[in-house]
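Tertiary structure, described
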Amino acid sequence: MQASLFLAAFDPLHEVPRVCALCGTKAPVFNYEFRTYGEGGSLSEDRGFCCANSASNLVKQLERNEAQVWVQAKTAVKAEDADVNAVHAQRLGAFPRRN
Ligand SMILES: [Zn+2]
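I will try to describe carefully the structure that is included in this document. In this numbering scheme, every chain counts its residues from 1 along its sequence in written order. Per-residue local features are limited, in this predicted model, to residues with pLDDT of at least 70; the limit for side-chain atom pairs, both in listing and counting, is 80 or more; totals at the level of whole chains, interfaces and linings are taken over all residues.

Glancing now at the sheet that holds strand E2 (residues 30-37). The strand order across the open sheet formed by three strands is E1-E2-E3, and the pairing between neighbours is antiparallel. Strands at the two margins of the open sheet, each flanked by one partner only, are strand E1 (4-8) and strand E3 (43-50). Ignoring strand direction, the axes of neighbouring strands in this sheet form an average angle of 10°. Two strands qualify as a pair provided DSSP detects at least 2 bridges between them. Runs of E in the DSSP output that reach at least two residues are strands. Runs of H or I that reach at least four are helices, and both are numbered from the N terminus. In terms of strand pairing, E2 meets E3 through eight bridges, oriented antiparallel. Angles here are taken between N-to-C directions and fall from 0 to 180 degrees, while the axes themselves are lines fitted to C-alpha atoms, restricted in helices to the stretch in contact.

Right under this line is the structure:
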């Protein structure tokens, strides 16, 4: 299973959260479900209502989590003594700020 982030609108007439569950300051605009997996494969799951800025932070957090997964995949390929060039090139294309 992969890390995931789902964002959706919500019905303000029936679901009435007053503040963002993540920053606790702004009015929420999305309903979210966020799942990440730690290095040991443990699942971390969070859900609630968040503001647009916090939703953007969740996307960045998902990107960091995915970049870490790709590092682990590259390490696993290297441990199998296989060619890591394809994995490395794909990772640089997806995450150009990291090497
Ligand atoms: Zn927020």
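Attention shifts here to the packing of helix H1 (residues 52-79) against helix H2 (residues 85-94). One way to put it is that H1 packs onto H2 with a least axis distance of 9 Å and a crossing angle of 170°. When the interaxial angle is binned, H1 and H2 end up roughly antiparallel. On H2, the residues touching Trp70, Ala73, Lys74 and Val77 of H1 are Val87, His88 and Arg91. Put simply, angles under 35 degrees are roughly parallel, angles over 145 are roughly antiparallel, angles from 65 to 115 are roughly perpendicular, and the rest are oblique. We call two residues in contact if the C-beta atoms placed from their backbones are at most 7 Å apart.

Every α-helix winds through 3.6 residues per turn, so residues three or four apart in the chain are directed the same way. An expected span of 1.5 Å times one less than the residue number is assigned to each helix. The end-to-end C-alpha separation of H1 is 41 Å, in line with the 40 Å expected for 28 residues at 1.5 Å each. Positive phi appears at Asp81, one or two residues downstream of H1, with a value of about 60°.

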